[in-house]
Amino acid sequence: MSDRTACHLFKQTRVNLDWTEKNHSSAIDIQLPPHPSRARSSLKKRGKQPDHPDTEEKFKLAHHATTASIHYRPADRFPRCIMWRVVEDSQVLSVSAVDFIKPEHHPELETTFRFVFPDQIQPGTVGFADSQSRDELVVYALTTEGVLYTLTLTPDFLQRNSFAKRGAQQSDYCTTFCPSSFMLHSPHFLLPISNDSVVIPLQDGNILKLDRNRGSTAESSDPSVASYRETTFSDTGYFGFLKNKMPWVGASTIQYGQTSVTHTTVVSAIVYDPPKDSAAKPLLFTVSVDHSLKVWSLEGDNLLRAMDLLNEPQSASMKMKTWLDPSPSHLLAIIDKPVEDTDHLFYLISFSSAATGKFKFWAATHYEGGYQEGEFKDLIDLYPEDTFNAMPPSGTAPWIISEFRVTPAHELGADWYDLWVLWKSDTNFQVQNVRFNISDAQGTWGDWTTATSDTIHIPARPTTFQESPEEVSEHWMKWIFYPGRFPDTVLESALRIYENNFLVPGGLTAKTETIQTKVSRIIGAAVQVVKTQSGEIDYGRYRNETDLQWDRFSRLCTELDKQRREALSLVSDPMSGFVWTVNVDGITALRECTETEVIRHNYIGNRGALETLSRRTDKRLGAGLEGQDLSDAMVLVSAAVELSECLDEPVLEKCIHRLQDLVVNDPMHSVGDTMWLFYEKCLEQEVPQETHEKLESLFALMDDPVKAFNSLTASLFNQPYTHTGSARLTSFGAKVLVGGTQEVIHVNYELLSQLVLLLIYIAHSESDTQQFRRVTTPEELYINLLRHFREYELLAWMSRTSAHSSGSDQDEIAASLSDLHVSGESDNTKQGVRTSVLQLVLPSNFGPARTSLSLSVCIRKFMASLDLLDATGNGVTGVASALIHANAAAPAKEFAKFLPTTHWGTYMKARTELQAGLFPQAAQDFNRAAYGMAFSPPTNDNMSPLFPHDSGAIGVGLSNYHLHVATLFDGQSPEHVVDACNLALLSTDHTTPPQLMSDILVRYFKAALQVGLYDEAYMALSRYSDEGLRHAGIRDLVTVMVEKEEGERLCGYSWVGMGEEMESALEYRAAQVVDVRRAPAYHSVLAAWRLGRGDYRGGTFIHFPYGGVKVGLRQYCCDM
């Protein structure tokens, strides 16, 4: 046991789940019936619900859960991970699936079931159980009226909403029961044993066991009423019950809320369910207020053993007895895998919340021989002389342990385990971990490690660099609407509170107005325009007022979000061992830190814990640094952070902007000159002398600074991309994976930028420093760092940019910023789903194996799969392909600056321009990429979504390529279709396949006809080889040209070999005319055609529907 500060080896990844933002098709309210004996009182209470004002309390009532957790079902069930939350003043039980992966070809459960109870749910009385014989999920819930609800949820209920079908009865899935024991006893909490049995510890120290009587007379007479057999047992008997009810006996009672509990009241319980092939019987372990641990037989309903929770001797005086908090809690854990070559049945870990907290390891022994062979015999203290203490996160605030979990550490062996502890202090929480071997706990109970919070929710930096109000607003909007930072529930509630407190007129809100536009409009309206004495607008004051209003709104969002972070429970997946905390409004994943995150979060206080850091860090999460290499890397990071923190905010912002320009634009200078210009414009005279001296001292601590630079860059990616598994991600799993990826990108991006600044500074610092001259190859290091920084600039853009099927954050920000002009008004934009570009490019089949969920490994492999460091640029063009495929026009246009200058990059740039409606630029870039696209092999797999039907258009010649371009322009710009088809025709020769030639000519003809290029249309038509196509084309050409009064031009074409078809087309159209005076002049053109061909008789006697001979000739003469 060490007093050293806990190492940061885990990272919290918060996931927002918009429970109330789901539409009616995904969130279903199910009204549960009252028990027949409680119907009148329940309806009376239900009708007196208060209407809360539109304040922060209303937000808590609508979105905060009072209790919540996750129930894990057997491995062969789906959905397997069920999250439940008690919300809305404890009258609604929300049930939804939070599976990370799902089976192949299995529909995902996206429905949230909201069971509305007629009375409040009593705290601690919600439990879940699964049937062993059939796929059936049973939910227990106990209301304050003493009614036990049993909900039976089958796959038909969960997937097909069978409760809503015609003829379905509530009794099919819901039954109620009122235990008679509640007339004398008050329930404390509920513990499910199976789908037919439940244990309810009572506040007077007794324990109530309910066993279902299926098929009984009571259930047959009323299917909505369940029948349970009640069994009450305790260690004090009936006289103990009477003693507890005596009002003058108060020494053994303790206040609990509005009531009191006794010293024997159970505050924690756990069930041991033996394997099917074991002779052991089910056991119930309980912990009482008086610090006692008891073992009960569930079959015999009797007490087997009783002892102190920590096996400590009892005090001589009852007043000195340690009592536990009477609130129900999790103080026990069972390890059901005994160590080999021992007579142990299983292991029990107990925890005492008294003082700072202590753990105790117990082993359950069994009888050998006789009629009790294999059954539980006794609990023995494995380490009676050793103390296993918990370590509070800090001494500056009161911390208490809420609960703990034990998960197997598979990678170390069968006897190794991880113990997780949830510490709470007010609304703050922290999770710690310690690793031990159950057979040698006193020797392996190592150093405590902890999980650090993510950085996505840190407060926004001040707006000292921005100058105009538009820049200030853009800064705040990008921070507030960063994907995954705040859910819409927080933004909407903060906006309503903002309006109420600052008296902002709301105005009319369009139905299609997005939350971005709404926030910008309201905040823009709150900013007052002040004029100077000369009558001009005071833009400086206007800018400051704009910043103030945005700061107020962001603080509201942050405060509301802070309340949502409180952890309610700590859960672990028994299959994968992955640990989560369920929050008041959301869920947090606890993943391993990557190697760079380990270095970044431990370089200050844990440089002496190198052995622990290297041993506990998965080698798949970095370069496997250890010893002096790890120490040098941590010192180098310390130096880089020291340099960055000494710079003023405007200077640091200027450095980041220059770095971003360097990775986007092609270099114009040599590497050495580029580094010098950077130093001269950004860092010269900006670093204080004391910082310079501290950097020197830090470099003196490193054995090899060059190797330290290379170690950190190698730690970013250290393995080739290999698929993590064959399972398919659920939408929840994708959200968790993307959230973790955003955090890794943020940490690595910040680290790389700091390393580049440090390298440039030490390479060109004016002082002649011996320590800095140890970096002998600064230019080589700079090239490598800038290469990685370019990759992370791409990743950071994908992380912070939202992708919408109709519009984007950039569209909405641009539209919203117009509100911030003094006299501007914004137009409403279409509503879209806010998700980052990262989630857009995440493959759906990227799920890990069921038995091993290493989220950080998945994150690294996902980032590696993007292949953004590929010299050919295939990874970058793949991202652009995904944006185009998702119809995200604005992000695709912005992303074009990252595209390489290869033919694939130029082609993708043209595709983004085409999607943005920039047709001339798109045509120009399509032509630039023509030769490379036409003759290079189509090896880019990421491009497949763009060529679903014509995959043979790339790499098979210019004609195919230009036809593909014409297809892209079709329906958007017929002029450019004509140009592309013309280029395709120029690229044909005698070897061109007839079908390809026909496709080009047909598209050429149709586009030319649309834009009035009739000569080109006739030329294409004359080259048709298919008679059916030629006949239809002639009819189309005749129709369009006559309607456009181009009859004379039509008759002027030679029509070699097509004269009869042309005359037939004119006759067909003329025969359809009903009123000659209003219809196009088909008869006149037909007459002119015949007369022009010497057919005077045919031209003169054209039959009109309304009579008249020689009309065609007279009309023709008049037209002439």
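Residues numbered from 1 in each chain as written. Predicted model: local features only at pLDDT ≥ 70, side-chain atom pairs only at ≥ 80, totals over all residues. Heavy atoms only, no water.

### Observations concerning the overall build of the chain
Logical step 1: Of regular secondary structure, the chain possesses 37 helices and 34 strands.
Logical step 2: Here the chain holds 1120 residues, and 54% of them are scored as buried.
Logical step 3: In the chain, the share of contacts with a sequence separation of at least 24, taken over all contacts with a separation of at least 6, comes to 66%.
Logical step 4: As displayed, the chain has an accessible area near 49,400 Å², and 50% of this comes from carbon and sulfur atoms. (Helix = DSSP H or I, 4+ residues; strand = E, 2+ residues; numbered from the N terminus. Buried < 20%, exposed > 50% of the residue type's maximum accessible area, 1.4 Å probe, protein only. Contact = heavy atoms within 4.5 Å. Areas by Shrake-Rupley, 256 points an atom, 1.4 Å probe, with all protein chains shown as cover.)

### Focus on the side chain of Thr691
Logical step 1: With respect to the helices and strands, Thr691 occurs in helix H16 (residues 689-700).
Logical step 2: The contact partners of Thr691, leaving out residues within four places of it in the chain, are Glu642, Leu643 and Cys646.

### Overview of the sheet that holds strand S4 (residues 81-87)
Logical step 1: What the five strands build is an open sheet, ordered S2-S7-S5-S4-S3; its pairing is mixed. Across the chains shown, the open sheet's two edge strands, defined by having one partner strand only, are strand S2 (27-31) and strand S3 (67-72). Within this sheet the neighbouring strands show an average axis-to-axis angle of 20°, counted without direction.
Logical step 2: As paired elements, S2 and strand S7 (residues 112-116) share five bridges and run parallel to each other. Bridge assignment links Ala27 to a residue of S7, and that residue is Thr112. (Pairing = 2+ DSSP bridges. Axes fitted to C-alpha atoms, helices over the stretch in contact; angles between N-to-C directions.)

### What about the packing of aromatic side chains?
The relative placement of two aromatic rings is captured by the distance of their centres and the angle of their planes.
Logical step 1: Using the criterion set out here, one finds 47 aromatic pairs in the structure.
Logical step 2: A centroid spacing of 5.1 Å and a plane angle of 75° characterise the contact between Tyr1018 and Trp1055, whose relative ring orientation is edge-to-face. Separated by 37 residues along the polypeptide, Tyr1018 in helix H31 (residues 1014-1022) and Trp1055 in the loop between helix H33 (1047-1052) and helix H34 (1059-1071) bring together distant segments of the chain.
Logical step 3: According to the relative accessible area criterion, Tyr1018 is buried, its value standing at 12%.
Logical step 4: Put simply, the rings of Phe351, Phe359, Phe361, Tyr383, Phe388, Phe404, Tyr417, Phe436, Trp445 and Trp448 touch in pairs and so form one group of aromatic residues.
Logical step 5: Taking the ring centre of Tyr1068 as reference, the NZ or CZ of Arg1035 above it sits at 4.0 Å. (Phe/Tyr/Trp six-rings, centres within 6.5 Å; stacked < 30°, edge-to-face > 60°. Lys NZ or Arg CZ within 6 Å of the ring centre and 35° of its normal.)

### As for unusual backbone geometry
Logical step 1: Residues Phe78 and Pro79 are joined by a peptide bond in cis, for which omega reads 0°.
Logical step 2: Tracing the backbone shows Pro79 in the loop between S3 and S4.
Logical step 3: Residue His291 is not a glycine yet carries a positive backbone phi of 70°.
Logical step 4: With respect to the secondary-structure elements, His291 resides in the loop between strand S19 (283-288) and strand S20 (292-297).
Logical step 5: For His291, a relative accessible area of 2% puts it in the buried group.
Logical step 6: Despite not being glycine, Asp341 shows a phi value in the positive range, around 65°.
Logical step 7: Here Asp341 lies in the loop between strand S22 (332-335) and strand S23 (344-352).
Logical step 8: What makes Asp341 exposed here is its relative accessible area of 82%.

### Things to note about the sheet that holds strand S15 (residues 228-233)
Logical step 1: Across the sheet, which stays open at both edges, the four strands sit in the order S12-S13-S14-S15 with antiparallel pairing between neighbours. On the outer flanks of this sheet lie strand S12 (191-194) and S15, each paired with one strand and no other. Pairwise comparison of adjacent strand axes, ignoring direction, gives a mean angle of 20° for this sheet.
Logical step 2: Looking at chain direction, strand S14 (residues 207-212) and S15 are connected through six bridges and run antiparallel. Pairing of Arg212 across the sheet is with Tyr228, part of S15.

### Comments concerning the environment of Gly740
Logical step 1: Looking at the secondary structure, you find Gly740 in helix H18 (residues 731-764).
Logical step 2: The buried category is assigned to Gly740, whose relative accessible area is 0%.
Logical step 3: Apart from residues no more than four positions distant in its own chain, Gly740 is found in contact with Thr13, Arg591 and Ile859.

### Observations regarding the pattern of salt bridges
Logical step 1: Tallied over the full model, the rule gives 44 salt bridges.
Logical step 2: A salt bridge links Arg615 to Glu611, with the shortest nitrogen-to-oxygen separation between them at 2.8 Å. Of this pair, Arg615 and Glu611 both sit in helix H12 (residues 610-616), four residues apart, which is roughly one turn of that helix.
Logical step 3: Its salt-bridge partner being Asp629, residue Lys707 comes within 3.3 Å of it at the nearest N-O pair. Taken together, the residues Lys707 in helix H17 (residues 705-716) and Asp629 in helix H13 (residues 627-646) connect sequence positions 78 residues apart.
Logical step 4: Classification of Asp629 by relative accessible area gives partly exposed; the value is 27%.
Logical step 5: When salt bridges that share partners are traced, they join Arg14, Arg85, Asp561, Arg564 and Asp585 into one network. (Salt bridge = Lys/Arg side-chain N within 4 Å of Asp/Glu carboxyl O.)

### Notes on the packing of helix H2 (residues 56-63) against helix H8 (residues 488-502)
Logical step 1: Contact geometry of H2 with H8 gives a least axis separation of 10 Å together with a crossing angle of 160°. Of the possible angle classes, the one that applies to H2 and H8 is roughly antiparallel. Judged by the twist between their axes, the crossing of H2 over H8 is right-handed. Of the residues in H8, those touching H2 at Glu56, Phe59 and His63 are Thr489, Val490, Ser493 and Ile497.
Logical step 2: Residues that form the contact of H2 with H8 fall into these classes: three nonpolar, three polar and one charged. (Parallel < 35°, antiparallel > 145°, perpendicular 65-115°, else oblique. Left-handed = near helix turned anticlockwise from the far one by under 90°. Nonpolar A, V, L, I, M, F, W, Y, C, P; charged D, E, K, R; others polar.)

### Side note on the pairing of strand S31 (residues 567-572)
Here is the key point about a regular strand: its side chains alternate between the two faces of the sheet.
Logical step 1: S31 sits mainly inside the fold: six of its six residues count as buried.
Logical step 2: Bridge count between S31 and strand S32 (residues 579-583): five bridges; the pairing is antiparallel. Bridging across to S32, Ser572 finds its partner in Val579.
Logical step 3: Connecting the antiparallel pair S31 and S32 is a turn made up of six residues, with Gly577 showing a positive phi of about 80°.

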